[in-house]
Amino acid sequence: MELRNCPRCGKLFASSGRGMCSQCLQEDARDYDLVRNYLRSNPGANMVEVSRETGVELGKIEEFIRQGRLLAYNKLHVACEMCGAPITSGRLCENCQRGFRAGEPAADKPEVKETRGKVHLDRRRGDRRS
Ligand SMILES: [Zn+2]
Ligand SMILES: [Zn+2]
């Protein structure tokens with residue numbers, strides 16, 4: 001066992017292969033249940049509705065999606081971390097994953113969601129189309 005900081009609450013905990021402290025694990029499981037139960041009866045709900053109806057934070061729901069735990073409900077999307085395209089699990093869309101593996105800068109969609117304020121977009125647009 002090693003001591004680690006829980007990525008969710010920041011508390012020090014004895015890690016036994018789990019990524020979070022036991023309290024957060026419990027909360028996580030409870031939140032997940034809430035979300036899944038809600039989605040079972042409302043399969044078409046979007047993230048905002050789910051969050052509002054279950055009281056589970058959007059960020060947590062997003063986490064579940066990225067972990068692939070809500071794949072059955074593919075109405076739910078999170079944004080690709082590189083280009084902002086909607087994806088149903090993970091962190092990157094297929095395009096960006098491919099680009100990532102090939103070691104190239106991915107996709108030429110200039111949209112960067114989640115980042116507020118100044119974003120440098122120095123990609124040239126319009127002269128090249130694939
Ligand atoms: Zn914790
Ligand atoms: Zn992408």
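This is a predicted model, so every value here is computed, not measured.

The rules behind these values
- Residues numbered from 1 in each chain as written.
- Chains lettered and ligands numbered in written order.
- Predicted model: local features only at pLDDT ≥ 70, side-chain atom pairs only at ≥ 80, totals over all residues.
- Heavy atoms only, no water.
- Helix = DSSP H or I, 4+ residues; strand = E, 2+ residues; numbered from the N terminus.
- Expected span 1.5 Å × (residues − 1).
- Buried < 20%, exposed > 50% of the residue type's maximum accessible area, 1.4 Å probe, protein only.
- Arc of directions from axis to C-beta.
- Contact = heavy atoms within 4.5 Å.
- Donors = N, O, S within 2.8 Å, 3.2 Å for Na, K, Ca; no water.
- Tetrahedral: all angles 85-135°; square planar, octahedral: opposite > 155°, others 65-115°.
- Phe/Tyr/Trp six-rings, centres within 6.5 Å; stacked < 30°, edge-to-face > 60°.
- Lys NZ or Arg CZ within 6 Å of the ring centre and 35° of its normal.
- Salt bridge = Lys/Arg side-chain N within 4 Å of Asp/Glu carboxyl O.

Caption draft 1: Summary view of helix H1 (residues 22-41). End to end, H1 covers 29 Å across 20 residues, agreeing with the expected 28 Å (1.5 Å per residue, within 8%). Of the positions making up H1, those classed as buried are Cys-24, Asp-28, Asp-31, Tyr-32, Val-35, Tyr-38 and Leu-39. The arc that holds the buried residues of H1, viewed along the axis, is 135°, so those residues lie on one side. Those residues of H1 that are exposed and angled more than 90 degrees off the buried face are Ser-22, Gln-26, Arg-30, Arg-40 and Ser-41. Against helix H2 (47-54) and helix H3 (58-66) lie the buried residues of H1.

Caption draft 2: Focus on the coordination of the zinc ion (ligand 2). Around the zinc ion (ligand 2), the protein supplies Cys-80 (SG), Cys-83 (SG), Cys-93 (SG) and Cys-96 (SG) as donor atoms, at distances of 2.2 to 2.3 Å. One can describe the site at the zinc ion (ligand 2) as tetrahedral: its four donor atoms subtend angles covering 104 to 120° at the metal. Overall, Cys-80 belongs to the buried group, its relative accessible area being 3%. A residue is classified by how much of its surface remains accessible, and Cys-93, at 7% relative accessible area, is buried.

Caption draft 3: Structural context of the packing of aromatic side chains. Applying the stated rule across the entire model yields one aromatic pair. For the pair Tyr-32 and Phe-64, a centre-to-centre distance of 5.4 Å together with 70° between the ring planes defines the contact as edge-to-face. You can see Tyr-32 sitting in helix H1 and its partner Phe-64 sitting in helix H3, a full 32 residues away along the chain. For the pair formed by Tyr-32 and Phe-64, the shared burial category is buried. Positioned above the aromatic ring of Tyr-32 is the side chain of Arg-69, whose terminal nitrogen or guanidinium carbon lies 4.4 Å from the ring centre.

Caption draft 4: Looking closely at the coordination of the zinc ion (ligand 1). Each protein donor to the zinc ion (ligand 1) is listed here as Cys-6 (SG), Cys-9 (SG), Cys-21 (SG) and Cys-24 (SG); together their distances run 2.2 to 2.3 Å. For the zinc ion (ligand 1), the four donor atoms in the first shell make angles of 105 to 117° at the metal, a pattern classed as tetrahedral. Along the chain, the residues donating to the zinc ion (ligand 1) fall in the pattern C-x2-C-x11-C-x2-C. Taken together, the positions of Cys-9 in the loop between strand S1 (2-5) and strand S2 (12-15) and Cys-21 in the loop between S2 and H1 put the pair twelve residues apart, joining distant regions of the chain. According to the relative accessible area criterion, Cys-9 is partly exposed, its value standing at 38%. Owing to a relative accessible area of 6%, Cys-21 belongs among the buried residues under this scheme.

Caption draft 5: Broad picture of the pattern of salt bridges. Tallying each qualifying case throughout the model produces ten salt bridges. Between Asp-31 and Arg-30 there is a salt bridge, with its nearest N and O atoms 3.3 Å apart. Within this structure, Arg-8, Asp-28, Glu-63 and Arg-69 form a network of salt bridges that share partners.

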